[in-house]
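# Coordinates in review
This is what each chain is made of:
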Amino acid sequence: MSEGIRIRPRAELGFPDGALVVVTDHARPFPPPADGTPLEVVQPVCHLCGIQHFAKVYHLQLRAGSVIVSAEVWANLRGLAENPFELMNVVAEPPAQGLYPNTDRPAELIEKYAMPILTTRSN
Ligand SMILES: [Zn+2]
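Every chain's residues receive numbers from 1 upward, in the order its sequence appears when written. pLDDT decides what is reported in this predicted model: residues at 70 or higher carry local features, side-chain atom pairs at 80 or more are listed and counted, and totals for whole chains, interfaces and linings draw on all residues regardless.

Here we come to the confidence of the model for the chain. Confidence scores here are pLDDT values: one per residue, from the predictor, ranging 0 to 100. Put simply, the chain has an average pLDDT of 79, and 76% of its residues get 70 or more. Between residues 98–108, whose pLDDT stays under 50, and residues either more than four places distant or in other chains, the model counts 24 contacts. Residues are scored as being in contact if the C-beta atoms we place from backbone atoms lie within 7 Å. Segment residues 112–123: pLDDT under 50, and 22 contacts once partners within four positions in sequence are set aside and those in other chains are kept.

Okay, here's the thing in structure tokens:
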């Protein structure tokens, strides 16, 4: 197991613990279907967050106010125009489940785009 990176949302964003933070990288859009059908028509609703995604997306489930990601994911988040997370520390042996999104529906869902849009949804 490679090391993990523990990150937390920037405090000023006010993300509550337990939130599923969805970060969309709009600079990496999904290609449209070859037959010309709009992506909005064919793209399924995400089973993790209930949102249709049209670009590369990261689902980050906060636990005790933080989440552990791979070094690759952290590098991608840092490269966003607006990265809502900040580095806490490096975890030498991260728990396996920390690297993957929880499949349980979160109590609260926050969608945080790379562009300055912030919405909160309740299940
Ligand atoms: Zn999703």
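This brings us to the sheet that holds strand S4 (residues 67–70). Whether parallel or antiparallel, the strands of a sheet pair through hydrogen bonds between backbone atoms. Any two strands between which DSSP finds at least two bridges are classified as paired. Numbering of helices and strands runs from the N terminus, with a helix taken as a DSSP run of H or I at least four residues long and a strand as a DSSP run of E at least two residues long. Strand order in the open sheet formed by 3 strands is S4-S1-S5, and the pairing between neighbours is antiparallel. If you trace the sheet from one side to the other, it starts and ends with S4 and strand S5 (85–91), each paired once. On average, adjacent strands in this sheet sit at an angle of 40 degrees to one another, irrespective of strand direction. Here strand S1 (residues 4–9) runs beside S4; their pairing, made up of 4 bridges, is antiparallel. In the strand pairing of S4, Gly 4 is matched with Ser 70. Only the contacting stretch of a helix is used when fitting its axis, a line to C-alpha atoms as for every element, and angles between N-to-C directions run 0 to 180 degrees. Of the strands in this sheet, S1, S4 and S5 are in contact with helix H2 (residues 71–78), which crosses S4 at around 95 degrees.

Despite not being glycine, Ala 64 has its phi angle at roughly 50 degrees, a positive value. Here Ala 64 shows up in the loop between strand S3 (55–61) and S4. Here Ala 64 falls in the exposed class, since 8 other C-beta atoms lie within 10 Å of it. Buried means a residue has 20 or more other C-beta atoms within 10 Å of its own C-beta, exposed means 12 or fewer, and partly exposed covers the counts in between; C-beta atoms are placed from the backbone.

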